Amino acid sequence: MSDPTFRQVRLGEALKRLRERAGLSQREAAYRLRYNYQKLSRIENGQLPEYHGMRAMLDLYGVLVSEEAPYIDMWERASEKGWWHPYGLDDQGYISLEHDAIRVCEFSLGYVPGLLQIEAYMRAVFRGWHTQHSRKWTENQIAIRTRRQERLDGQLQYHGVIAEAALKQAEREQLLHIIERGSLSNVTVQVLPDAAGLHDGQNGAFTVLDFAYPGEMSVLYVEHPAGSTHVEDIERVKATKLVFKHLSKLALTPDESAEWIGRLAAER
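Given the structure is predicted, the values throughout are model-derived calculations rather than measurements. All residue numbers refer to positions counted from 1 along the written sequence of the respective chain. In keeping with the predicted nature of the model, local features appear solely for residues at pLDDT of at least 70, side-chain atom pairs appear and are counted solely at 80 or more, and the whole-chain, interface and lining totals rest on all residues. Note that the side-chain values use all heavy atoms of the structure and ignore hydrogens as well as water.

**Student:** If you had to explain the overall build of the protein chain to someone new, which residues and values would you point to?
**Tutor:** Counting secondary structure elements, the protein chain contains 12 helices and 6 strands. When burial is assessed residue by residue, the protein chain has 45% of its 268 residues classed as buried. Carbon and sulfur atoms make up 50% of the accessible area of the protein chain, which totals about 14,700 Å². Positive charges come from Lys and Arg, negative ones from Asp and Glu, while His and the chain ends are left out of the count. To locate a charge, the coordinates of NZ of Lys, CZ of Arg, CG of Asp or CD of Glu are taken. Across the protein chain, the 33 positively charged side chains and the 37 negatively charged ones have centroids separated by 4 Å. Per the convention used, a helix needs a DSSP run of H or I reaching at least four residues, while a strand needs a run of E reaching at least two, with both numbered from the N terminus. The cut-offs for exposure are 20% and 50% of the maximum accessible area for each residue type, with area from a 1.4 Å probe on protein chains only; residues under the lower value are buried, those over the upper are exposed, and the others partly exposed. Exposure was quantified through the Shrake-Rupley algorithm and a 1.4 Å probe, taking into account, for residues, occlusion by the shown protein chains and nothing else.

**Student:** Provide a residue-level description of the packing of helix α1 (residues 6–21) against helix α5 (residues 69–79), including the pertinent values.
**Tutor:** The angle between two axes is taken between their N-to-C directions and runs from 0 to 180 degrees, where each axis is a line fitted to C-alpha atoms and a helix contributes only its stretch in contact. Here α1 crosses α5 at 150°, and the two axes come no closer than 8 Å. As the angle between them shows, α1 and α5 are arranged roughly antiparallel. The handedness of the crossing between α1 and α5 comes out as left-handed. Contact residues: R7, Q8, R10, L11, A14 and L18 in α1; Y71, M74, W75, R77 and A78 in α5. For classification purposes, angles smaller than 35 degrees are called roughly parallel, those larger than 145 roughly antiparallel, those between 65 and 115 roughly perpendicular, and all remaining angles oblique. Throughout, a crossing is termed right-handed when the near helix is turned clockwise from the far one, and left-handed when it is turned anticlockwise from it by less than a right angle. The contact definition used throughout considers only heavy atoms, calling two residues in contact when any of these lie within 4.5 Å.

**Student:** Can you break down helix α4 (residues 51–60) residue by residue, with the values?
**Tutor:** For α4, every residue scored as buried is listed here: G53, M54, M57, L58 and L60. For α4, the angular spread of the buried residues around the axis is 165°, confining them to a single face. Pointing more than 90 degrees away from the buried face of α4 are the exposed residues H52 and D59. Packed against the buried residues of α4 are α1, α2 (26–33), α3 (37–44) and α5. The first or second residue beyond α4 is G62, which carries a positive phi of 80°. Comment: arc refers to directions from the helix axis out to C-beta atoms.

**Student:** Can you explain the packing of aromatic side chains? Please cite residues and give values.
**Tutor:** In this analysis, rings of Phe, Tyr and Trp, with Trp reduced to its six-membered ring, are considered paired at centre separations within 6.5 Å, and the interplanar angle assigns stacked below 30 degrees, edge-to-face beyond 60, and tilted for intermediate values. Tallying each qualifying case throughout the model produces 8 aromatic pairs. Between the aromatic rings of W83 and W84, the centroid separation amounts to 5.6 Å while the plane-to-plane angle is 80°, which identifies the pairing as edge-to-face. The exposure class of W84 is buried, given its relative accessible area of 0%. In textbook terms, an aromatic cluster arises when at least three aromatic residues are bridged by ring pairs, as seen for W83, W84 and Y87. By definition, being over a ring means that NZ of Lys or CZ of Arg is both within 6 Å of the ring centre and within 35 degrees of the ring normal. Lying over the aromatic face of Y35, K39 brings its terminal NZ or CZ to 4.2 Å of the ring centre.

**Student:** Summarise the sheet that holds strand β6 (residues 227–231); cite the residues concerned and give the values.
**Tutor:** Two strands are counted as paired when DSSP detects at least two bridges linking them. If you walk across this open sheet you meet the 6 strands as β3-β2-β1-β4-β5-β6, and the pairing is mixed. Of all strands in the sheet, those with a lone pairing partner are β3 (187–192) and β6, marking the two edges. In this sheet, neighbouring strand axes are inclined to one another by 15° on average, regardless of whether the strands run parallel or antiparallel. Along the sheet face, helix α11 (residues 234–250) touches β1 (103–108), β2 (157–163), β3, β4 (206–210), β5 (218–224) and β6 and points at about 115° away from the line of β4.

**Student:** Describe the pattern of salt bridges, with residues and values.
**Tutor:** A pairing counts as a salt bridge when a side-chain nitrogen of Lys or Arg comes within 4 Å of a carboxyl oxygen of Asp or Glu. Throughout the structure, instances matching the rule amount to 18 salt bridges. Between R77 and D100 there is a salt bridge; the shortest N-O distance is 2.8 Å. Here D100 lies in helix α6 (residues 94–100) and R77 lies in helix α5, a separation of 23 residues in the sequence. The salt bridge partner of D210 is R103, with a shortest N-O separation of 3.0 Å. Taken together, the residues span a long stretch of sequence, with D210 in strand β4 and R103 in strand β1 at a distance of 107 residues. Look at D210 and you get buried, because its relative accessible area is 9%. The network of salt bridges with common partners includes R7, D73, R77, E80 and D100.

By themselves, these are just geometric observations and shouldn't be taken as functional.
And the structure:
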């Protein structure tokens, strides 16, 4: 059996919180649901429950019919296969996190953020990687990144703080695209100039994602040369959010950033 997906784990945690709020132990709840103790434990650790079993849990835990919608939505999301599966990606990676997020705050140190990249820039990035990939792999990655960007035309709230050095390596078309995307009401783009001096962001790029799941959880995502990692520890994520807030204060305002990028594009 494969590891539970991010969505399944979130559902299990939400059901566990409801049980604890109802003042029931796992054994008490399992007995009243006619489950064995191990089954309920597996569900709370990410095993997807059957639909009617989950509705029985909501009823037992005192969730009113008018309050069920967020949990039903979580169950439906945990049951479906994401659009990324045909591209060869599973549910444990960043794409599934980003797809479910309602807000993404990203600090980019060396590259234009993926959600703001044009195709020519993507190709240049992939060509610059030490590990060379096939043309099919490259086209697949471009298709994935382009599909991700569709959420900027929807409800995703995006806030990107981009270091000056990353923008100075971009061509005119890429810079103009950033300005255009930054004009959307749900998108905020700020430039962190070299003049800001030394700052916490020089420890590396990072992304913080917020979700609408019950519990209002957030996840910190960091890429590194050996792969990537995501952190859910509340205090560590909270500390990173403070770092992002500090970097956004050091950065130019969105209007100043658009002007700065426009001047840089004019020089190309």
